[in-house]
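Structural description and commentary
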Amino acid sequence: MQLLSEFFDFFLPRICPSCKNKLELNERSVCSACLDKILPADPTRIRFEYQKKFLTKGIISGFTSLYVFEKDKELQKIIHAMKYENNFRIGETLGKLLGDKLRNEFSNQNPDLILPVPLHHLKKSERGYNQSFYIAKGVNRKLNLAIDERSVKRIKYTETQTSMNIHEREKNIARAFRVKSTNNISGKHILIIDDVITTGATVSECGSVLLENGAAKVYAASLAIAD
Ligand SMILES: [Zn+2]
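Before going into details, it helps to say that this report is about the structure given with it. (Residues numbered from 1 in each chain as written. Predicted model: local features only at pLDDT ≥ 70, side-chain atom pairs only at ≥ 80, totals over all residues. Heavy atoms only, no water.)

**What about the pattern of salt bridges?**
Taken as a whole and judged by the stated rule, the model has 12 salt bridges. Overlapping salt bridges, with partners in common, bring together Arg45, Glu49, Lys52, Lys53 and Asp227 in one network. (Salt bridge = Lys/Arg side-chain N within 4 Å of Asp/Glu carboxyl O.)

**Side note on the nonpolar core**
Core analysis: the biggest nonpolar cluster contains 30 residues, and Leu98, Leu102, Ile135, Val139, Leu191, Ile193 and Leu223 have the highest contact counts within it. Among the secondary structure elements, those contributing two or more residues to this core are strand E1 (60-68), helix H4 (74-84), helix H5 (89-105), helix H7 (131-143), strand E6 (189-197) and strand E7 (217-225). In this structure Val139 touches Gly95, Lys96, Leu98, Gly99, Leu102, Ile114 and Ile193, once residues within four positions along its chain are discounted. Listed in part, the 29 residues of the second largest apolar core include Leu113, Ile173, Ala215 and Val218. (Core = buried A, V, L, I, M, F, W, Y, C linked by side-chain atoms within 4.5 Å. Buried < 20%, exposed > 50% of the residue type's maximum accessible area, 1.4 Å probe, protein only. Helix = DSSP H or I, 4+ residues; strand = E, 2+ residues; numbered from the N terminus. Contact = heavy atoms within 4.5 Å.)

**Brief notes about the sheet that holds strand E2 (residues 113-116)**
Taken in spatial order, the 5 strands of this open sheet run E1-E7-E6-E2-E3, and their pairing is parallel. Sheet topology places E1 and strand E3 (146-147) at the edges, where each strand pairs with a single neighbour. As paired elements, E1 and E7 share 7 bridges and run parallel to each other. By the bridge assignment, Gly62 is partnered in E7 with Tyr219. Running at roughly 130° to E1, helix H3 (residues 43-55) makes contact with E1, E6 and E7 of the sheet. (Pairing = 2+ DSSP bridges. Axes fitted to C-alpha atoms, helices over the stretch in contact; angles between N-to-C directions.)

**Details of the coordination of the zinc ion**
Protein-derived ligands of the zinc ion are Cys16 (SG), Cys19 (SG), Cys31 (SG) and Cys34 (SG), with the metal-ligand distances lying across 2.3 Å. In this structure, the zinc ion is coordinated by 4 donor atoms arranged in tetrahedral fashion, with angles at the metal of 102 to 115°. Coordination of the zinc ion draws on donor residues from a single chain, spaced C-x2-C-x11-C-x2-C in sequence. Here Cys16, found in the loop between helix H1 (2-11) and helix H2 (32-37), pairs with Cys31, found in the loop between H1 and H2; they are 15 residues apart in sequence, far enough to count as distant. Note on accessibility: Cys16 and Cys31 belong to one class, buried. (Donors = N, O, S within 2.8 Å, 3.2 Å for Na, K, Ca; no water. Tetrahedral: all angles 85-135°; square planar, octahedral: opposite > 155°, others 65-115°.)

Spelled out as structure tokens, the structure:
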């Protein structure tokens, strides 16, 4: 295995998406120097963001995130590579770190299954993959649950929400999801996985559709939180 990795590294060097340096054999997707520079989301920040984004709506019962998104910093390049440069393995690598965090912080919540935020099928075929699915895969290496990619469908093609405020985002995402089958979600505690949570509108909309269709509780986790 070691020899094989060395062989591939020699001919196809793996590059850190942030600093563009060659990755060491033991580094996965992102170099350790860049990983160390990313601002972690500490418990105070998580509590503050939960109150700001989710508390009054009463949809998301618990929430955590791994990092704080900062413009023009390491994480922005890493997330860009994960979403737009085919580097979906980053999702799995960081997803594992999120899984460790969830195992420590969510030990009382016990979700039954993991639901990556679905992409519209057109967006998925443009991109080739759903990055949230890869994050969920990484999370699941630590939690060992089922990943549900089928029960919820994204039926509305939404434009990128980057420049929208909270009200525009809520309008944009309204009725974007539909439950295809309630078999898997009825009575269940569901953990929604997203890449970046900004206003929380997407995760809340997805969560409300799950609750309307019989889910018992909905939680959310993301790689990053952004303002
Ligand atoms: Zn780097």
